[in-house]
Amino acid sequence: MTSVELEIGGMTCASCATRIERKLNKLDGVAATVNYATEKAKVTAPAGLDADLLIAEVEKAGYSAQLPTPKKKDEPAQDPELTSLRQRLIVSIVLTVPVILMAMIPALQFTYWQWASLTLAAPVIVWGAWPFHRAAWTNLRHGAATMDTLISMGTLAAFGWSLYALFFGTAGMPGMTHAFEFTLSRSDGAANIYLEVAAGVTMFILAGRYFEKRAKRQAGAALRALLELGAKEVAVLRDGVETKIPVEQLRVGDEFVVRPGEKIATDGVVVSGHSAVDASMLTGESVPVEVGEGDAVTGATVNASGRLVVRATRIGSDTQLAQMAKLVEEAQTGKAEVQRLADRISGVFVPIVLVIAVAALVGWLVAGFPVSAAFTAAVAVLVIACPCALGLATPTALLVGTGRGAQMGILIKGPEVLESTRKVDTVVLDKTGTVTAGKMTLTDVIPEDGVDADELLRLAGAVEHASEHPIAQAIASRVPATMPPVEGFANVEGKGVQGIAEGRSIVVGRESFLADWGLTLSPRLADAKTRAEAEGKTVVAAGWDGAARGILVVADTVKPTSADAVRGLRALGLTPILLTGDNEAAARHIAGEVGIDEVIAEVLPQGKVDVVKRLQAEGKVVAMVGDGVNDAPALAQADLGLAMGTGTDVAIEASDIALVRGDLRSAVDAIRLSRRTLGTIKSNLFWAFAYNVAAIPIAALGMLNPMLAGAAMALSSVFVVGNSLRLRAFR
């Protein structure tokens, strides 16, 4: 099987997306999802299937399709459809407002006002509403009815009736007046015109479509902003000479220079130099990160101070920035369960509305009312029922919610994830790299009686500095003063290191390594070592001149924000569980620091997925937060997988939500944002459904003026878009 993405043109509502989906899914072996909001189709098809066949199938349904075309960086971010809608809307407003005012205010109805109304309204109904008529005709040729069918029928019916009344009835007579009334009364239908209805509905729906289209562009702004974050040029080193080249020409392995204030061109490793890097645009962290030789740096972050030489490790679509953009786009092309429900209802809604409109027309005529009254009721039904708000309910909330998440460093991979966040009741937290920092830090220096702690750290750190072991580096990095030079350095694998500094033969390592040299810890140091190891910490002993001189305690420390994050998870109604391969005592100590009651310890890497399965078998809905390769299966197994962005690519790929920051509080924000987005979708759907269900009978009973129906219907769309845009204020 292969995956194909198509850009779809000509869709005007969720029903259009449903129709294209049905067409594509009829092809053998094809599974397609069409998203109205992003105007894209994601198709899974047999490997040998020609994309032209898929495009032809979409065109048969009356829409256009093409394979995505790469956008050039200097290409203007202009949307021709948005421009066209804006032009049609502006012209329609200018021409329609006088028509509505004349129809509503009898004082403005001069002798031939009705003919002036026709002159002003005709361009609006024909040209302004042309996108609706074109879509309705396309649908009719394929035996389908959509929301555009309703719009086109409503406006053309009102326009047609008005032409009949003007040319063949009494409405064209000089001095004709038209009272603006909320109620219908028996009258000769040939004396009334409905130009204000047709033009007004067109204007309101164009406004709804325009603001919808603009909202879709604003919601996608996070993705465009991500893509525009990167540097445009880079100073690459070729034979020791700096050469400026476009960033697209950079290759993996190239070394490039980043001066203070410049953006880092791509992901890489610092070859030389030391600086602070401002990664706030990607991670949201305001404090710059100190980097030096051997540290990884991310493209699009800003070099705040020193000069760096960086070797490129990932370019183009492989960089973290590109992966983030890809995740955002994927999140905005999937479909949640709630959206599929809305699409299914839209598919059957249109025929039912047409039946009700015809029934209203026939009912009024059978009851003996004038044709004009019957016609007005039928038009009101057609106009009020256009479920544009229904088509907007899910896509706009999804787009804005996932876009806001991207700005906060929360990458929601698919809209179906939103449903999971609502049901989750248990959150399993991997210890290393998630609750803790994931790297060794010197936590304590305990000297033997009579030994200065600073001297112990300085001499032990000097010897450890020559070792590449993480524990050795944790000790060496904390030496406050200049280290003395070390001679005769030797690394005894698995035991420790030795060397000569300041004329002393220094031994640093396991207690057993010191014992090999005849150095023994005092009872006080031995007790301190036992206590530290019971808490899961690592103890390194040091000695010189024939005696043990002290111990250094190294541990993976708890992140300062983890306890706050655990409180946040509890506030969301979740039960936190700490999962680790460490011993029970060490795990209990860490859990106690952050406020977690339940601990599952001494779990082998492959056993993590079994723990998640067991919890699910107990009826729990499980979220898993992790960062390592060994967490990936558990992240995939969990009902909701959250990967720390500071972790491995494998973990990030296996998760449902990627958290760019290495801060567990991001997990709390992610669940809150997801739940808020889901709540917005449901409130949007409720508004759209409740509005249509309540309004259709009122319109059918003739209690709703068609023009007011059009205004109210357009306002419901604006309400839905506005409700969704409130997510942009999420903090």
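Residues numbered from 1 in each chain as written. Predicted model: local features only at pLDDT ≥ 70, side-chain atom pairs only at ≥ 80, totals over all residues. Heavy atoms only, no water.

- For the protein chain, an unreviewed UniProt entry supplies the name Cation-transporting P-type ATPase B and the organism Microbacterium aerolatum.
- UniProt, in the comment section headed Catalytic activity (unreviewed entry), describes the protein chain in these words: "ATP + H2O = ADP + phosphate + H(+)".
- Turning to the protein chain, the UniProt record has this under Subcellular location (unreviewed entry): "Cell membrane". (UniProt positions renumbered as here; feature names shortened; annotations may be inferred.)

Focus: the sheet that holds strand S13 (residues 308-314)
Alright, step 1. As summarised here, the arrangement of the six strands in space is S6-S5-S7-S13-S8-S11, forming an open sheet in which the pairing is antiparallel. Strands with a single pairing partner mark the edges of an open sheet, and in this sheet they are strand S6 (241-246) and strand S11 (296-297).
Alright, step 2. As paired strands, strand S8 (residues 267-272) and S13 are joined by five bridges and run antiparallel to one another. Paired with Val-270 across the strands is Val-310, a residue of S13. (Pairing = 2+ DSSP bridges. Helix = DSSP H or I, 4+ residues; strand = E, 2+ residues; numbered from the N terminus.)

Observations regarding the packing of helix H3 (residues 80-104) against helix H4 (residues 113-128)
Alright, step 1. Between H3 and H4, the least distance of the axes is 9 Å, while the angle of their chain directions is 150°. Here H3 is positioned roughly antiparallel relative to H4, judged by the angle of their axes. By crossing handedness, the relation of H3 to H4 is classed as left-handed. Across the interface between the two elements, Gln-87, Arg-88, Val-91, Ser-92, Leu-95, Thr-96, Pro-98, Val-99, Met-102 and Ala-103 of H3 pack against Trp-113, Ala-116, Ser-117, Leu-120, Ala-121, Pro-123, Val-124, Trp-127 and Gly-128 of H4.
Alright, step 2. Taken together, the residues that form the contact of H3 with H4 break down as 13 nonpolar, five polar and one charged. (Axes fitted to C-alpha atoms, helices over the stretch in contact; angles between N-to-C directions. Parallel < 35°, antiparallel > 145°, perpendicular 65-115°, else oblique. Left-handed = near helix turned anticlockwise from the far one by under 90°. Contact = heavy atoms within 4.5 Å. Nonpolar A, V, L, I, M, F, W, Y, C, P; charged D, E, K, R; others polar.)

Points about the sheet that holds strand S2 (residues 31-35)
Hydrogen bonding along the main chain pairs the strands of a sheet, whether they run parallel or antiparallel.
Alright, step 1. Taken in spatial order, the four strands line up as S2-S3-S1-S4 in an open sheet, and their pairing is antiparallel. A single partner strand is all that each edge strand has here, and the edge strands are S2 and strand S4 (64-66). Direction aside, neighbouring strands of the sheet carry axes that sit 25° apart on average.
Alright, step 2. When strand S1 (residues 2-9) meets S4, the two strands line up antiparallel, connected through three bridges. The residue of S4 that forms the bridge with Glu-7 is Gln-66.
Alright, step 3. Packed on one face of the sheet, helix H2 (residues 51-60) meets S1, strand S3 (40-45) and S4 and runs near 165° to S4.

Description of the packing of aromatic side chains
Alright, step 1. Enumeration according to the criterion identifies six aromatic pairs in this entry.
Alright, step 2. For the pair Trp-161 and Phe-375, a centre-to-centre distance of 5.1 Å together with 15° between the ring planes defines the contact as stacked. With a gap of 214 residues between them, Trp-161 in helix H6 (residues 147-167) and Phe-375 in helix H12 (residues 371-385) connect regions that are remote in the sequence.
Alright, step 3. You can call Trp-161 buried: its relative accessible area is 15%.
Alright, step 4. Judged by centre distance (4.5 Å) and plane angle (40°), the ring pair of Trp-687 and Phe-719 falls under tilted. (Phe/Tyr/Trp six-rings, centres within 6.5 Å; stacked < 30°, edge-to-face > 60°. Buried < 20%, exposed > 50% of the residue type's maximum accessible area, 1.4 Å probe, protein only.)

Details of the pattern of salt bridges
Alright, step 1. In total, this model carries 22 salt bridges according to the counting rule given.
Alright, step 2. The salt bridge involving Lys-608 is made with Asp-430; its shortest N-O contact spans 2.7 Å. Taken together, the residues Lys-608 in helix H22 (residues 608-617) and Asp-430 in strand S15 (residues 426-430) connect sequence positions 178 residues apart. The same class applies to Lys-608 as to Asp-430, namely buried.
Alright, step 3. For Arg-524, the salt bridge identified is with Asp-449, shortest N-O distance 3.4 Å. Of the two residues, Arg-524 is situated in helix H19 (residues 523-534) and Asp-449 in the loop between strand S16 (436-447) and helix H16 (453-464); the sequence distance between them amounts to 75 residues.
Alright, step 4. Assessed through its relative accessible area of 39%, Arg-524 is described here as partly exposed.
Alright, step 5. Residue classification places Asp-449 among the exposed positions, given a relative accessible area of 63%. (Salt bridge = Lys/Arg side-chain N within 4 Å of Asp/Glu carboxyl O.)

Here we look at unusual backbone geometry
Alright, step 1. The phi dihedral of Ala-300 is positive, around 80°, even though this residue is not glycine.
Alright, step 2. Of note in this structure, Asp-545 is not a glycine but carries a positive phi near 50°.
Alright, step 3. Structurally, the position occupied by Asp-545 is in the loop between strand S20 (538-544) and strand S21 (547-558).

A closer look at H3
Alright, step 1. The end-to-end C-alpha distance of H3 is 35 Å, a good match for the 36 Å that 25 residues give at a rise of 1.5 Å each.
Alright, step 2. The sharpest bend along H3 measures roughly 30° and falls at Thr-96, with the proline Pro-98 sitting one to four residues further on. (Expected span 1.5 Å × (residues − 1). Bend = angle between axes of the 7 residues up to and from the residue.)

A word on the UniProt feature "transmembrane region" (unreviewed entry) in the protein chain
Alright, step 1. In the numbering adopted here, UniProt assigns the feature "transmembrane region" (unreviewed entry) to residues 89-106, 112-130, 150-173, 193-211, 345-367, 373-400, 684-701 and 707-725.
Alright, step 2. As annotated, residues 89-106 comprises 89% helix and 0% strand, and the C-alpha atoms at either end are separated by 26 Å.
Alright, step 3. The span residues 150-173 is 75% helix and 0% strand, and its two end C-alpha atoms sit 31 Å from each other.

Some points on the pairing of strand S25 (residues 640-644)
Alright, step 1. Burial of S25 is extensive: five of the five residues sit out of reach of the surface.
Alright, step 2. Residues of S25 alternate between two faces, with Leu-640, Leu-642 and Met-644 on one and Gly-641 and Ala-643 on the opposite face, all of them buried.
Alright, step 3. The pairing of strand S24 (residues 622-626) with S25 spans four bridges and is classified as parallel. Counted as the bridge partner of Val-625 is Leu-642 from S25.
Alright, step 4. Note: S25 against strand S26 (residues 657-659), three bridges, orientation parallel. Each bridged residue has a counterpart across the sheet, and for Met-644 the counterpart in S26 is Leu-659.

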